[in-house]
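# Structural description and commentary
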Amino acid sequence: MATKHEQILNYIDELQVGEKISVRQIAKALNVSEGTAYRAIKEAENKGYVSTIERVGTIRIERKKKENIEKLTYAEVVNIVDGQVLGGRAGLHKTLNRFVIGAMKLDAMMRYTGAGNLLIIGNRVRAHEHVLKAGAAVLITGGFDTEDHVKRLADELQLPIISTSYDTFTVATMINRAIYDQLIKKEIVLVEDILTPLKDTIYIKTTDNVALWHQYNKDTLHGRFPVVDQGLKVQGMITSKDIIGKSMDMTIDKVMTKHPMTVSGKTSVASCSHMMVWEGIEVLPVVDEANKLEGIISRQDVLKALQMNQRQPQIGETIDDIVTKHVLLTKGKNKGETTFSCEVTPQMTNHLGTISYGVFTTIVSEAANRILRGFKKGDLVVENMTIYFIKPVQMDSVIEISPKILEVGRKFGKVDVEVFNQGVLVGKAMMMCQLIDRH
């Protein structure tokens, strides 16, 4: 039996794209409290098939696939630019395929403008009209309005006409930033991307007996299974340790480990791996917000996904990629000493033109990582780090990084890193790293 929360989510999912949604309407239609309706609408918004816009309300939009994430709906654009919808509200759910900046004569502009585009333009009313007729929506910058007949045309054609107080350059930057943020999210592997789905998951019910565990163990050669109640909610985990010396007819709920750790499908694989390593867990149940089983994820799945991810070509370079590319090995002054150099490029600086704290942290971590790799093959997780910024380092400087290993054990390494600019000490870091073997 689905919970009220799940019933509301299903109800919203089945609404037509473009339909308006309100807390009161849902509470009335499904006979639930307004609080329950509000929570479900927020959940649908997080899942990306509902968008709330100030002065317009909440509407059902198209659910985006992970590979199609760089496509925005007009509703999302309104939220990004803090816009006001002047007309064509019925088309807010539509997805746009291209942005055009209208900084040219009308006939030249029309050559670039087509259906499904969004034209970013100032207070040029004639252009607003022509663009709508060509099947594109309009984003008016500088806080300008448009004429009433244009608003009526936008309503008729169901193409939004949006006004924002920002200038064209700022708007283009904000939209680019939003798309880039979404692309970064797309690169992050989530548990839902690699889990073993429910249909392929072997689970045991609380009312089953120990004999069933033995049967599954014999069939699969696995010993860890999630335990669920009649409603598929996770109640525990059962492993070979739990059933040692227990009689075959004993029920599972008497021997299982209660309150197991679980993860949601939206958890990143990196967080999941940390949990598994830290807690020494081999298998984690994956649950939804109602704690219902959606599948399982094993340590092997996680390690495989993390290794695959390292080998994949990235869509765009992250700042970490840019920084680590600039960290180069140089010869140390003393025998047996390893040092690195790094040129501080404009991208690595803060608004004052000196090296940013985040970049400094990345450089220090990279140097420690490379020196520890010489001692031990495997992955490295920084457990804690203390950084001292002694002097600012300005753009175009070349810094020397000198890491020294204080101690390296089977599981942990301690590193001291000193950073110099033209022979002067500019920063220092002390790091404790966890070393993870690759199986």
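Details of the structure are given in the entry above.
The structure presented is a predicted model; accordingly, all values stated were derived computationally and were not measured. (Residues numbered from 1 in each chain as written. Predicted model: local features only at pLDDT ≥ 70, side-chain atom pairs only at ≥ 80, totals over all residues. Heavy atoms only, no water.)

## A short note on unusual backbone geometry
Positive phi outside glycine occurs at H259, with the angle close to 50 degrees. You can see H259 is positioned in the loop between β13 (257–258) and β14 (263–264). When its relative accessible area of 75% is taken as the criterion, H259 is described as exposed. Phi at Q422 takes a positive value of approximately 50 degrees, unusual for a residue other than glycine. If you trace the backbone, Q422 turns up in the loop between β21 (412–421) and β22 (424–436). Q422 gets classed as exposed once you look at its relative accessible area, which sits at 73%. (Helix = DSSP H or I, 4+ residues; strand = E, 2+ residues; numbered from the N terminus. Buried < 20%, exposed > 50% of the residue type's maximum accessible area, 1.4 Å probe, protein only.)

## Focus: the packing of aromatic side chains
Inspection of the entire model under this criterion finds three aromatic pairs. Ring centres 4.8 Å apart and planes at 50 degrees place the aromatic pair F360 and F389 in the tilted group. Remark: F389 occurs in strand β19 (residues 379–389) and F360 occurs in helix α16 (residues 357–373); sequence separation between them is 29 residues. What links up through ring pairs into an aromatic cluster is the set Y357, F360 and F389. (Phe/Tyr/Trp six-rings, centres within 6.5 Å; stacked < 30°, edge-to-face > 60°.)

## Focus on the side chain of T146
Structurally, T146 can be placed in the loop between β7 (137–140) and α7 (148–157). The buried category is assigned to T146, whose relative accessible area is 8%. In this structure the side chain of T146 is engaged in a polar contact, spanning 3.0 Å, whose partner is the side chain of H128. (Polar contact = N/O pair within 3.5 Å; in protein donor to acceptor, adjacent residues only side chain to side chain.)

## Topic: α7
Residues of α7 that are buried include every one of V150, K151, L153 and A154, and no others. In a view along the axis of α7, the buried residues occupy a sector of 160 degrees, so they form one face of it. For α7, exposure combined with an orientation more than 90 degrees from the buried face picks out D148, R152 and E156. On its buried side, α7 packs onto β4 (84–87), α6 (125–133) and β8 (161–163). (Arc of directions from axis to C-beta. Contact = heavy atoms within 4.5 Å.)

## A word on empty space enclosed by the protein
Per the stated rule, a full pass over the model turns up two cavities of 30 Å³ or more. Reported here for the second largest cavity is a volume of approximately 40 Å³. Every residue lining the second largest cavity is listed: S273, H274, V277, W278, V381, Q434 and I436. For the lining of the second largest cavity, the secondary-structure elements that each account for two or more residues are α13 (269–279) and β22. The leading source of residues in the lining of the second largest cavity is α13, at four residues. The class makeup of the residues in the lining of the second largest cavity is four nonpolar, three polar and no charged. (1 Å grid on protein atoms, 1.4 Å probe; cavity = no way out; pocket = protein on both sides within 12 Å on 5 of 7 lines; lining within 4 Å. Points joined across faces, edges and corners; volume = space filled by probe spheres on them. Nonpolar A, V, L, I, M, F, W, Y, C, P; charged D, E, K, R; others polar.)

## Description of the pattern of salt bridges
The final tally for this structure, using the stated rule, is 15 salt bridges. For the salt bridge of E129 with K133, the shortest nitrogen-to-oxygen distance reads 3.4 Å. Of this pair, E129 and K133 both sit in helix α6, four residues apart, which is roughly one turn of that helix. Judged by its relative accessible area of 56%, K133 is exposed. Where E192 meets K266, a salt bridge forms, and the shortest distance between an N and an O atom there is 3.0 Å. (Salt bridge = Lys/Arg side-chain N within 4 Å of Asp/Glu carboxyl O.)

## Comments concerning the side chain of S163
In this fold, S163 is placed in strand β8. Polar side-chain contacts of S163 include one of 2.9 Å to the backbone oxygen of F144. Setting aside its immediate chain neighbours within four residues, S163 contacts G83, Q84, L86, I140, G143 and F144.

## Here's the deal with the sheet that holds β4
Strand order across the open sheet formed by five strands is β4-β8-β7-β6-β5, with mixed pairing between neighbours. Both edges of this open sheet fall to β4 and β5 (98–101), since each of them pairs with a single strand only. Across this sheet, the average inter-strand angle for adjacent strands is 25 degrees, counted without regard to direction. Two strands pair when backbone bridges link them, and strand β6 (residues 117–121) and β7 are joined in this way by four bridges, in the parallel orientation. Of the residues in β7, the one forming a bridge with I120 is L139. (Pairing = 2+ DSSP bridges. Axes fitted to C-alpha atoms, helices over the stretch in contact; angles between N-to-C directions.)

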